[in-house]
Amino acid sequence: MAHDEANIMVILSSPSGVGKTTLTKKIQQKYQSFKISVSHTTRSPRSNEVDGVDYHFVSREKFKNLIKQNCFYEYAKIFENYYGTLKKHVDEISFKNDIIFDIDWQGTKQLSKFKNLNLIKIYLITGNKQELKKRLINRNQNTSREIENRFNSFDEDIKHWNDYDYIIINDNLDVCFRQIENIIL
Ligand code: ADP
Ligand code: 5GP
């Protein structure tokens, strides 16, 4: 992976609904040096999502072609869809900027194999599972089946906390944000 070694790469992972997207956006808004790695995905856009900003939304066929052409640093199948980080995007950004990745534990394992990267791996959780369910419902962007699938993946997801440098509880958003700031600054 080509990059400027002075720049850091922050990975935020968590069970779905804990707050990665919210916190990633807050980091980018406050710190101009950080750019978000915009992933490719085969899932459909949510009503509040914009192609090219939140994700690059692509067909399965296109995604599979990108896999065949070895275009991804990492990719994973999550909740029946594919998600991946394109090499070209990361290489372009990381020469000039710090990067934030909102990716799952499978992608984190794959990126960790690149030993020359300045990775900071942060795993977020909620204080309790019921709070997570509330957030998934309040986000109002998933069907009840999707919410159930995401909620049910919690136990499997948190088995991988040990692969991370830091574990942070996102109960109070401002407190959590300050904790992340302390780490990345
Ligand atoms: P993820 O990207 O991890 O799936 P989101 O960032 O979409 O999660 O957050 C899920 C929902 O929880 C959103 O509606 C968001 O506004 C809300 N949320 C995030 N952090 C907190 C928090 N600390 N307290 C209450 N609600 C939160
Ligand atoms: P969502 O559908 O809620 O946006 O994301 C579902 C899961 O996919 C989240 O855990 C998110 O971190 C993960 N994800 C998003 N983009 C990528 C990616 O490029 N690679 C991997 N491995 N996971 C991703």
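Residues numbered from 1 in each chain as written. Chains lettered and ligands numbered in written order. Predicted model: local features only at pLDDT ≥ 70, side-chain atom pairs only at ≥ 80, totals over all residues. Heavy atoms only, no water.

Draft legend 1. Looking closely at the site of ligand 2. Taken together, 16 residues are adjacent to ligand 2, and Ser-39, Arg-43, Tyr-55, Tyr-83 and Asp-102 come closest. Protein contacts shield 96% of the accessible area of ligand 2, which totals 510 Å² for the unbound molecule. Listed by contribution, the elements that provide at least two residues to the shell around ligand 2 are strand S5 (72-78) and strand S6 (81-86). Of the residues belonging to the shell around ligand 2, the class tally is five nonpolar, four polar and seven charged. (Near = heavy atom within 4 Å. Areas by Shrake-Rupley, 256 points an atom, 1.4 Å probe, with all protein chains shown as cover. Helix = DSSP H or I, 4+ residues; strand = E, 2+ residues; numbered from the N terminus. Nonpolar A, V, L, I, M, F, W, Y, C, P; charged D, E, K, R; others polar.)

Draft legend 2. Geometry of the environment of Tyr-82. Among the secondary structure elements, Tyr-82 is positioned in strand S6. For Tyr-82, a relative accessible area of 13% translates into the label buried. Put simply, Tyr-82 and Phe-63 are 19 residues apart on the chain and 7.6 Å apart in space, counted from C-alpha to C-alpha. Each residue touching Tyr-82, except ones within four places of it in the same chain, is listed here: His-40, Thr-41, Thr-42, Arg-60, Phe-63, Lys-64, Tyr-75, Ala-76 and Lys-77. (Buried < 20%, exposed > 50% of the residue type's maximum accessible area, 1.4 Å probe, protein only. Contact = heavy atoms within 4.5 Å.)

Draft legend 3. Summary view of the site of ligand 1. Around ligand 1 there are 14 residues in total, and Gly-17, Lys-20, Thr-21, Thr-22 and Arg-139 lie nearest to it. Residue Val-18 places a main-chain N or O atom 3.4 Å away from an oxygen atom belonging to ligand 1. At a separation of 2.6 Å, an oxygen atom of ligand 1 approaches a polar side-chain atom of Thr-22. Computed on the free molecule, ligand 1 has an accessible area of 560 Å², of which 77% lies beneath the protein chains in the complex. In terms of residues, the shell around ligand 1 owes the most to one element, helix H1 (residues 20-30), which gives three residues. Counted by class, the shell around ligand 1 contains two nonpolar, eight polar and four charged residues. (Polar contact = N/O pair within 3.5 Å; in protein donor to acceptor, adjacent residues only side chain to side chain.)

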